[in-house]
Amino acid sequence: MAGTASNPGNLLRVFLVDNGSLRPSAVFALRHLAESLSSTAGFEVEPVSLLHSAKIDPQLLDNQPAKVVGGRLNECIAQGDRHFLFLPLFLGPSLAITDYLPRLIDETKQETPGLSIKIADSLCGSDVANPDPRLARMLADSVRSEIESASLVAPTVAVVDHGTPHRPVNQLRNAVGRQLEAILGDEVSEVITCSMERRDGNEYDFNEPLLERLDEVSRVKNACVAAMLFLLPGRHAGNNGDVAKICDALIEKGAFSTMHISPLLGSHPVLLDILLDRVNEALGSRVAARSGATPA
């Protein structure tokens, strides 16, 4: 149980929440991030997923079953906990945290009156048109690491996200792309924002272009870096993920001379700073400290 420094008697459960995955690697990555955040903040942060992860065989998870929000929240309430903070591990305001999670919370409050449950802002902050500039800086670090390791000269950069039915999430991606372009300048030939996949229907055309058709909009056909706007490994990102397969297909059809995939943002150390800021913003006081410092 975590007590806030400003009010040690006000016991608080802090959940680091991702969407969930059927891949053990995603669960391990979420756990590692929660452990790092707990160590840095000075209080316990629990890793939980909205969906999916509880279906993974616990034997593939060091015999520790993955936690999902509904079940874990009910467990904590049964133990007497009444104060909760959900810390979204989402880049922007996905429907998972603006629709699904609030509905789940409302249902829980109806069953158990007197609960205090807050949802912190997503990583981008409160304005998708002007997102936290640290996201673009993190992405720039990842792109530069690929440029340096592969000795690339002014490659094309494709900022890739999953694709979304929710326009604000797409607006966030495009805003981060503009920030990244300003940071990288003439280190790259061009910066293009694109989606890994999209839903059918004209109403979802804002997701275009798709990564698989990147060559149709790129001016340069040499090296390309896929700048991954993904946080954790899973079916889409990481080794042998969908993005990697699409990049391989682009090479096979001669769209680019080489394709390079940047590291995922979940491994960048600045992510912890952003998460700590979201905790402090949500609670209205500085209860999370960096690097073991005493909270004020």
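Residues numbered from 1 in each chain as written. Predicted model: local features only at pLDDT ≥ 70, side-chain atom pairs only at ≥ 80, totals over all residues. Heavy atoms only, no water.

## Things to note about the overall build of the chain
Convention followed: Here a helix means four or more residues in a row that DSSP labels H or I, a strand means two or more in a row labelled E, and each is numbered from the N terminus. The size measure is the radius of gyration over C-alpha atoms, and the globule rule it meets is 2.2 Å times the number of residues to the 0.38 power. Summary of the burial criterion: residues with accessible area below 20% of their type's maximum are buried, those above 50% are exposed, and those between are partly exposed, where the area comes from a 1.4 Å probe applied to protein chains only. The contact definition used throughout considers only heavy atoms, calling two residues in contact when any of these lie within 4.5 Å. In summary, the charge assignment counts Lys and Arg as positive and Asp and Glu as negative, without counting His or the chain termini. The location of each charge is read from NZ of Lys, CZ of Arg, CG of Asp or CD of Glu.
Along its length, the chain carries seven helices and nine strands. Since a compact globule built from 296 residues should have a radius of gyration of about 19 Å, the 20 Å found for the chain is in line with a globular shape. By the burial criterion, 52% of the 296 residues in the chain qualify as buried. Residue pairs in contact within the chain that sit at least 24 positions apart in sequence constitute 75% of those at least 6 positions apart. Taking the average location of the 27 positive side-chain charges in the chain and that of its 37 negative ones, the two points are 3 Å from each other.

## Things to note about the packing of helix α4 (residues 133-150) against helix α5 (residues 167-184)
Quick note on the threshold: Under this scheme, a helix contributes an axis fitted over its contacting stretch, all axes are lines through C-alpha atoms, and angles between N-to-C directions fall in the 0 to 180 degree range. Each angle receives one of four descriptions, namely roughly parallel if under 35 degrees, roughly antiparallel if over 145, roughly perpendicular if within 65 to 115, and oblique otherwise. Crossing handedness is defined as follows: a turn of the near helix away from the far one that is anticlockwise and smaller than a right angle gives a left-handed crossing, while the clockwise case is right-handed. Note on residue categories: nonpolar means Ala, Val, Leu, Ile, Met, Phe, Trp, Tyr, Cys or Pro, charged means Asp, Glu, Lys or Arg, and polar means any other residue, Gly included.
Taken N-terminus to C-terminus, the directions of α4 and α5 make an angle of 55°; their axes are 9 Å apart at the nearest point. One way to sum up the angle between α4 and α5 is to call them oblique. Remark: the crossing between α4 and α5 carries right-handed chirality. Where α4 approaches α5, its residues Pro-133, Ala-136, Arg-137, Leu-139, Ala-140, Val-143 and Arg-144 are matched on the opposing element by Val-176, Gln-179, Leu-180, Ile-183 and Leu-184. Class assignment of the residues belonging to the contact of α4 with α5 gives a composition of nine nonpolar, one polar and two charged.

## Section: the pairing of strand β3 (residues 46-49)
When a strand is regular, its side chains alternate between the sheet's two faces. Selection criterion: DSSP calls a pair of strands paired once it identifies at least 2 bridges connecting them. Handedness of a crossover is defined as follows: orient the strands so they point away from the viewer, and if the path from the first strand over the helix to the second runs clockwise, the crossover is right-handed.
Burial along β3 is two-sided: Glu-46 and Val-48 facing one way and Pro-47 and Ser-49 facing the other are all buried. Sheet analysis places strand β2 (residues 11-18) next to β3, joined by four bridges and oriented parallel. Following the sheet pairing, Leu-16 is matched in β3 by Pro-47. A crossover connection joins β2 to the parallel β3 through helix α1 (residues 24-41); in handedness this β-α-β unit is right-handed.

## Section: the pattern of salt bridges
Let me state the cut-off plainly: Throughout this description, the term salt bridge denotes a Lys or Arg side-chain nitrogen within 4 Å of a carboxyl oxygen of Asp or Glu.
One pass over the structure, following the stated rule, counts 19 salt bridges. Of the charged contacts in the structure, one is a salt bridge between Asp-205 and Arg-198, with a shortest N-O distance of 2.9 Å. Since its relative accessible area comes to 23%, Arg-198 is described here as partly exposed. Notably, a salt bridge pairs Lys-253 with Asp-215, separated by 3.4 Å at the nearest N-O pair. Highlighted residues: Lys-253 in the loop between α6 (242-252) and β9 (258-261) and Asp-215 in the loop between β7 (190-195) and β8 (223-228), separated in sequence by 38 residues. Through salt bridges with shared partners, a single ionic network connects Arg-13, Glu-46, Lys-67, Arg-72, Glu-75 and Asp-81.

## A few points about helix α2 (residues 69-78)
The criterion, for reference: Directions drawn from the helix axis to the C-beta atoms are what define this arc.
By the burial criterion, the buried members of α2 are Val-69, Arg-72, Leu-73, Cys-76 and Ile-77. For α2, the angular spread of the buried residues around the axis is 135°, confining them to a single face. Contact partners of the buried residues in α2: β2, β3, β4 (83-88) and α3 (95-111). Of the residues one or two after α2, Gly-80 is the one with positive phi, at around 105°.

## Some thoughts on the nonpolar core
A general feature of soluble globular proteins is that nonpolar side chains tend to end up buried together. Note the cut-off: In plain words, nonpolar cores are sets of buried Ala, Val, Leu, Ile, Met, Phe, Trp, Tyr and Cys residues tied together by side-chain atoms within 4.5 Å.
In terms of nonpolar packing, the biggest core is built from 49 residues, with Leu-16, Leu-89, Leu-123, Val-157, Leu-180 and Leu-275 touching the most fellow members. Contributions of two or more residues to this core are made by β2, α1, β4, α4, β6 (156-161), α5, β8 and α7 (270-283). Once residues within four sequence positions are removed from consideration, Leu-275 is found in contact with Leu-16, Leu-33, Leu-37, Leu-87, Pro-88, Leu-89 and Leu-123. Residues Ile-192, Met-196, Ile-246 and Leu-250 belong to the second largest nonpolar core, which totals 20 residues.

## Digging into α3
Note the cut-off: To estimate how far a helix should extend, the number of its residues minus one is multiplied by 1.5 Å.
Taking 1.5 Å as the rise per residue, α3 with 17 residues should run 24 Å; its terminal C-alpha atoms sit 23 Å apart, in good agreement. On its buried side, α3 packs onto α2, β4 and β5 (116-119).

## Considering the sheet that holds β8
Pairing in this open sheet of four strands is parallel, and the strands run β7-β6-β8-β9 from one edge to the other. The open sheet has two free edges, formed respectively by β7 and β9, since each of these has just one partner strand. Across the sheet, the mean angle separating the axes of adjacent strands is 25° when strand polarity is ignored. Pairing of β6 with β7, which is carried by six bridges, proceeds in the parallel orientation. Note that in β7 the partner of Asp-161 across the bridge is Ser-195. Packing of α5 onto the sheet brings it into contact with β6, β7 and β8, and relative to β7 it is tilted by some 160°.

## Digging into the confidence of the model for the chain
Where we set the bar: In predicted models, pLDDT denotes the confidence assigned by the predictor to each residue on a 0 to 100 scale.
When pLDDT is averaged along the chain, the result is 92, and 93% of the positions lie at 70 or above. A low-confidence stretch, residues 1-9 (pLDDT under 50), is modelled with 20 contacts involving residues beyond four sequence positions or located in other chains. Low pLDDT, under 50, characterises residues 290-296; the predicted model gives this stretch 13 contacts beyond four residues in sequence or across chains.

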